[in-house]
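Remarks on the overall topology
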Amino acid sequence: VKRIALAGLVLAIAVTPIVLMVMAPDPASGAGVETVDLSVHYSHFDRSEIHVKAGTTVRFVVHNDDPILHELIVGPPDVQQRHEDGTEPRHLPRPGEITIDPLTTNETTYVFTTPGSIEFACHLPGHHAYGMSSQVIVDP
Amino acid sequence: MHKRTRLLAPIAITIVAIAATASPAGACGGLIGENGSIQLERTTTLAAWHDGVEHYITSFSFSGTGESVGSIIPLPAVPTKVEAAGQWTLQRLQREIAPPIEFAAGDARAASQAGAAEVILTAQVDALDITVLKGGGDEVGKWALDNGFFLTPDAPEVLDFYAARSPIFLAAKFDAARAAAQGLNGGDGTPIDITIPIDKPWVPLRILSLGLPGDTAVNADVFLLTDDKPDLIGGPGLRLDRSEAASSSLMTDLRSDRNTDWMPAHMWLSHLALDDAAQNVRYDLSVGTDRSGPTYVAAGRATNDLFGGAIVSVVHTELDERVTMVVGLLGALLLGTLIIGLSRRRHRNAA
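Throughout, a residue's number is its position along its own chain's written sequence, starting from 1. Whichever chain is written first becomes A and whichever ligand is written first becomes 1, with later ones labelled in order. Under the rules for a predicted model, residues below a pLDDT of 70 receive no local features and side-chain atom pairs below 80 are neither given nor counted, while totals for whole chains, interfaces and linings still include all residues. Based on all heavy atoms of the structure, the side-chain values leave hydrogens and waters out of the count.

In this description, contact between two residues means that some pair of their heavy atoms is separated by no more than 4.5 Å. Listed per partner, the contact involves 13 residues of chain B and 13 residues of chain A. Once two parts are brought into contact, the accessible area they lose, counted with a 1.4 Å probe and summed over both, makes up the buried area. Both faces considered, chain B and chain A share a buried interface measuring about 1100 Å² in area, 72% of it formed by carbon and sulfur atoms. For this document, the term salt bridge refers to a Lys or Arg side-chain nitrogen within 4 Å of an Asp or Glu carboxyl oxygen. The interface formed by chain B and chain A includes 0 salt bridges. We call two N or O atoms a polar contact when they sit within 3.5 Å, provided that within protein one can donate a hydrogen and the other can accept it, with sequence-adjacent residues counted only if both atoms are side-chain atoms. Linking chain B to chain A there are 2 residue pairs in polar contact (both at pLDDT 80 or more). Numbering of helices and strands runs from the N terminus, with a helix taken as a DSSP run of H or I at least four residues long and a strand as a DSSP run of E at least two residues long. Counting only elements with at least two residues in the side of chain B that touches chain A, the list comes to helix H2 (137–146) and helix H3 (155–163) of chain B. With 5 residues, the single largest contributor to the side of chain B that touches chain A is H2 of chain B. Grouping the amino acids of the side of chain B that touches chain A by side-chain chemistry returns 5 nonpolar, 3 polar and 5 charged. Three residue categories are used. Nonpolar comprises Ala, Val, Leu, Ile, Met, Phe, Trp, Tyr, Cys and Pro, charged comprises Asp, Glu, Lys and Arg, and polar comprises the others, including Gly.

Have a look at this one:
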């Protein structure tokens, strides 16, 4: 009985990672959730381009390493323009739109459905012009 | 579009007078009130060095009707005193380089619109609330936000640039309500005198580009008054226009202003002109005294003192650039020689 129990335990330990891998969403398949860690330092994103498959839900975890307020706005040109023209100092937590307080971390999710290029940016006064703009490339 | 920034500065008496074009994000001193209804029109600074003590005099002018506005100045060391300065020192030094020109009201010169930090000194001068802070860029930036200032996107990098050499900053906030109660009008200036014991003074220049688009011109006149002819290290775009013993009439006028008991009768006058795009003004002015030579570290151009405090005999920027180039070439030559030597040795050992 002890041998059977031991063999079962060994089998469970060996199989568990495989089961977890099978159950985990595959970012490349476009069917799951992918976490993207972003840092903001000296008012610039640390990544200029991110590639995902169409259909992927991206969980953006944004670390603000600056002592000033930043935001992350993900979306097509009309969304970007609305925020560039807007005066909203802070954003309610909407998918793809967050405010990140100084020296803190915040997160949001966004579903990339259509192949193409989607901008993520900060539209606080002067920040976009200063270079706070990057792209998510959505591959078919 | 070219916005203009103007700076006047003398050292050991160093005067930095600035006038930048109106721009909500373009503050000479550094910070602007969040509501933007009051904007700094001009920040004028005088840093004076004599016998181991620097007197740093800055004048703030304001316009608008909002509640408050402020500015920040990086300091080379902890000040011992902040008080009201004389009313005409800055203007008199400006006149010294352009005596015949009278500027009419409404002159077209550009106006300057365009852990926790430790509070180590506070003072009130007229409608200005002065706070001297000690802390890194993050701490000072956070303090500024917590106290109602708006920071431009380049502020984190600029604050770190200064904090790496001296974690001391002076924040000045205009209280418009108090200004009104004291009868101050828009355009009135409030000069302050900051007393800083220091052997190796420097004048902040990069702070002039804070919040400005990269192609915006920064034009500045930097005046220095020192005990002796100073050695200086600046950067590209800064040139020495005048270097001579200050005239007795100038010294008499300056010494007759308020709180100038410390000023000797004879000083050396230097005038440096800064004229470059904001994106190129990434340095400060290091000033040599009889106690210490200027350094590239103090000028914000090196993170370690490669030049070991060696005195550069002339401050001339072009010479400065040539020195940098020669040192770079010598370094490359030395490195190449080492590599070739090691390579030959390895071949010899292999044989």
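After that view of the structure, there is still more to cover.
It is worth spelling out the side chain of Thr-260 of chain B at this point. All names here are of chain B. You can see Thr-260 is positioned in the loop between helix H5 (248–255) and strand E17 (268–277). One polar contact links the side chain of Thr-260 to the main-chain carbonyl oxygen of Arg-255, over a distance of 3.0 Å. With residues near it in sequence (within four places) discarded, Thr-260 still touches Thr-89, Leu-254 and Arg-255.

Next up on the list: the pattern of salt bridges. Inspection of the entire model under this criterion finds 14 salt bridges over all chains. With a closest N to O distance of 3.1 Å, Arg-282 of chain B and Glu-157 of chain B form a salt bridge. Placement of Arg-282 of chain B in the loop between E17 and strand E18 (285–287) and of Glu-157 of chain B in helix H3 is noted, with a sequence separation of 125 residues between them. On the accessibility criterion, Glu-157 of chain B (21% relative accessible area) is partly exposed. The closest approach of N and O atoms between Asp-284 of chain B and Arg-165 of chain B, which form a salt bridge, is 2.7 Å. You can see Asp-284 of chain B sitting in the loop between E17 and E18 and its partner Arg-165 of chain B sitting in the loop between H3 and strand E11 (168–175), a full 119 residues away along the chain. Among the ionic contacts, a cluster of salt bridges with common partners joins Arg-82, Arg-94 and Glu-97 of chain A. A simple rule labels every residue: compare its accessible area, found with a 1.4 Å probe on the protein chains alone, to the largest value its type can have, and call it buried under 20%, exposed over 50%, or partly exposed in between.

All names here are of chain B. It is the contact of H2 with H3, at a shortest axis distance of 8 Å, that shows an interaxial angle of 130°. As the angle between them shows, H2 and H3 are arranged oblique. Viewed along their axes, H2 and H3 form a crossing whose handedness is right-handed. The segment H2 lies against H3, with Gly-137, Asp-138, Val-140 and Gly-141 engaging Leu-159, Asp-160 and Ala-163. When its residues are assigned to classes, the contact of H2 with H3 shows 3 nonpolar, 2 polar and 2 charged. To get an axis, a line is fitted to the C-alpha atoms, and for a helix only the part in contact is used. The angle between two axes follows their N-to-C directions and goes from 0 to 180 degrees. Roughly parallel refers to an angle under 35 degrees, roughly antiparallel to one over 145, roughly perpendicular to one between 65 and 115, and oblique to any angle outside these ranges. Helix crossings fall into two classes, left-handed where the near helix is turned counterclockwise from the far one by less than a right angle and right-handed where it is turned clockwise.

With that settled, the discussion passes to the pairing of strand E6 (residues 97–100) of chain A. Residue and element names in this part refer to chain A. A two-sided burial pattern is seen for E6, the buried positions comprising Glu-97 and Thr-99 on one face and Ile-98 and Ile-100 on the other. At least two bridges found by DSSP between two strands are what make those strands a pair. Examined bridge by bridge, strand E5 (residues 70–75) and E6 share 4 bridges and lie antiparallel to one another. Looking at E6, one finds that Leu-72 is bridged to Ile-98.

The next subject is the sheet that holds E6 of chain A. Residue and element names in this part refer to chain A. The strand order E3-E9-E8-E5-E6 describes an open sheet built from 5 strands, whose pairing is mixed. Each edge of the open sheet is held by one strand with a lone partner, namely strand E3 (49–53) and E6. Neighbour-to-neighbour, the strand axes of this sheet turn through a mean angle of 20°, independent of strand direction. One ladder, built from 5 bridges, connects E3 with strand E9 (residues 133–139); its direction is parallel. Along E9, the bridge assignment pairs Ile-50 with Val-136. Strands in contact with helix H2 (residues 77–85) are E5, E6 and strand E8 (116–121); relative to E5, the strand with the most contacts, it is inclined by about 150°.

Any Phe, Tyr or Trp ring, taking Trp's six-membered ring, that has another such ring centre within 6.5 Å forms a pair; planes under 30 degrees apart are called stacked, those over 60 apart edge-to-face, and the others tilted. Summed over all chains, the structure comprises 6 aromatic pairs over all chains. Plain terms: the ring middles of Phe-60 of chain A and Phe-120 of chain A are 6.0 Å apart, the flat faces sit at 45° to each other, and that makes the pair tilted. Here Phe-60 of chain A is found in strand E4 (residues 56–64), whereas its partner Phe-120 of chain A is found in strand E8, with 60 residues between them in sequence. A relative accessible area of 1% means that Phe-60 of chain A is categorised as buried. Pairing Tyr-162 of chain B with Trp-202 of chain B gives two aromatic rings, centres 5.8 Å apart and planes at 25°, and the pair type is stacked.

A few words now on unusual backbone geometry. Positive phi outside glycine occurs at Leu-103 of chain A, with the angle close to 60°. Position of Leu-103 of chain A relative to the elements: it lies in the loop between E6 and strand E7 (105–112). Notably, Asp-126 of chain B is not glycine yet its phi reads approximately 50°, a positive angle. Residue placement: Asp-126 of chain B occurs in the loop between strand E8 (118–125) and strand E9 (128–134). Residue class for Asp-126 of chain B comes out partly exposed when judged on its relative accessible area of 38%.

Here we come to the confidence of the model for chain B. Residues and elements named next belong to chain B. Confidence along chain B averages 73 in pLDDT terms, with 71% of residues attaining 70 or more. Of all secondary-structure elements in chain B, the lowest mean pLDDT belongs to strand E2 (residues 14–17), at 32, while H3 reaches the highest, 94. The quantity known as pLDDT measures the predictor's confidence residue by residue, on a range of 0 to 100. Note that pLDDT drops below 50 for residues 1–43; the model gives that stretch 256 contacts with residues more than four away or on any other chain. Interface confidence in the predicted complex, given as ipTM, is 0.73; pTM for the same model is 0.72.

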